[in-house]
Amino acid sequence: MKLLLSAVTISAASAFTAQKPFITARSSTFLNAALEAILFDCDGVLADTERDGHRPAFNRAFTNSGIDDEWGVELYGKLLETGGGKERMTAHWDEVGWPDEIPEDGRADKVKALHLEKTDIFMEMIGEGSIPLRPGVLRLVDEAIENGVRLAVCSTSNEKAVSNLVKVLMGDERRSKFEIFAGDMVKAKKPAPDVYNMAVDSMGLDKSRCVIVEDTNIGLGAALAAGIKCIVTKSSYSADEDFTGATKIVDELGDEVTLETLISFLE
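Points about the side chain of His115
Thinking step 1. Within the element layout of this structure, His115 appears in helix H5 (residues 107-127).
Thinking step 2. We classify His115 as buried; its relative accessible area is 7%.

Observations concerning the packing of aromatic side chains
Thinking step 1. Tallied over the full model, the rule gives nine aromatic pairs.
Thinking step 2. Relative to Phe62, the ring of Phe58 lies with its centre 6.1 Å away and its plane at 35°, an arrangement referred to as tilted. With Phe58 and Phe62 both in helix H2 (residues 49-64) and four residues apart, this pair spans about one turn of that helix.
Thinking step 3. Take Phe62: its relative accessible area is 0%, and that puts it in the buried class.
Thinking step 4. Residues Trp93 and Trp98 carry aromatic rings whose centres are separated by 5.5 Å and whose planes lie at 50° to one another, so their mutual orientation is tilted. For the residue pair Trp93 and Trp98, the accessibility class agrees, reading buried in each case.

Points about the sheet that holds strand E1 (residues 37-40)
Thinking step 1. Taking strand neighbours across the sheet as the criterion, the six strands line up as E3-E2-E1-E4-E5-E6 in an open arrangement whose pairing is parallel. Two strands in the sheet have a free side with no partner beyond their single neighbour: strand E3 (178-181) and strand E6 (248-250). Here the average twist between neighbouring strands, direction ignored, is 20°.
Thinking step 2. Set on the sheet, helix H7 (residues 159-170) makes contact with strand E2 (150-154) and E3; between it and E3 the angle comes to about 155°.

Focus: the confidence of the model for the protein chain
Thinking step 1. With 88% of its residues at a pLDDT of 70 or more, the protein chain has an overall mean of 89.
Thinking step 2. Across residues 1-26, confidence stays below pLDDT 50; counting only partners more than four residues off in sequence or on other chains, it has zero contacts.

The rules behind each value
- Residues numbered from 1 in each chain as written.
- Predicted model: local features only at pLDDT ≥ 70, side-chain atom pairs only at ≥ 80, totals over all residues.
- Heavy atoms only, no water.
- Helix = DSSP H or I, 4+ residues; strand = E, 2+ residues; numbered from the N terminus.
- Buried < 20%, exposed > 50% of the residue type's maximum accessible area, 1.4 Å probe, protein only.
- Phe/Tyr/Trp six-rings, centres within 6.5 Å; stacked < 30°, edge-to-face > 60°.
- Pairing = 2+ DSSP bridges.
- Axes fitted to C-alpha atoms, helices over the stretch in contact; angles between N-to-C directions.
- Contact = heavy atoms within 4.5 Å.
- pLDDT = per-residue confidence, 0-100.

Okay, structure coming up:
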């Protein structure tokens, strides 16, 4: 009888041990089935780039073209109410007057050239390592990759700049897991939902199984218009904005926001 009980005990223990990988795999499959994709904004979400990246890059581009205009920290916060760099320059100079260095008949071309130069300067800053990822971003990205949750960046910024930021700050392997939807891929920029709708259509996603990560009221507006759940991670310029309609609001992703957190939004 003792031998029989021992055999049963060993058999049960072996069965339990053998089941462990299956349980882990099933858990991963469940996470993937519940949450299909995370769609990140770039500036202010992956890295707090606006104040210490894009703003000084704009100013250096202006200086290089002899334009006597400097966007201070406070002013740039107001300028961010207009989505898109080319649109931001145009709206600002339409309001305060255009620099003499930009003739009326060549404004669109000059604005485009300035934006391209700004992007080059910005990418140099990324390459120098002067703009770090925000806390919790890399951890959440790795958790998503490990569990088969798809990833995308949906931004109004230049596509080349977004791709370079992800590559430099996260590495080639992680970059290969991201789809990038940025720049002028869509006609209407945030708060229009176009860039998120493009991501969903291109990747063949189910909106009810996606979560967007944004940092501004404009970005939240795009998420809500797209009909996708949105978590807001406040950035340096957006702390006091109205985030009514957000599923959750946090100061940063940190250690608090996990895949389980995002899945809870979908239940």
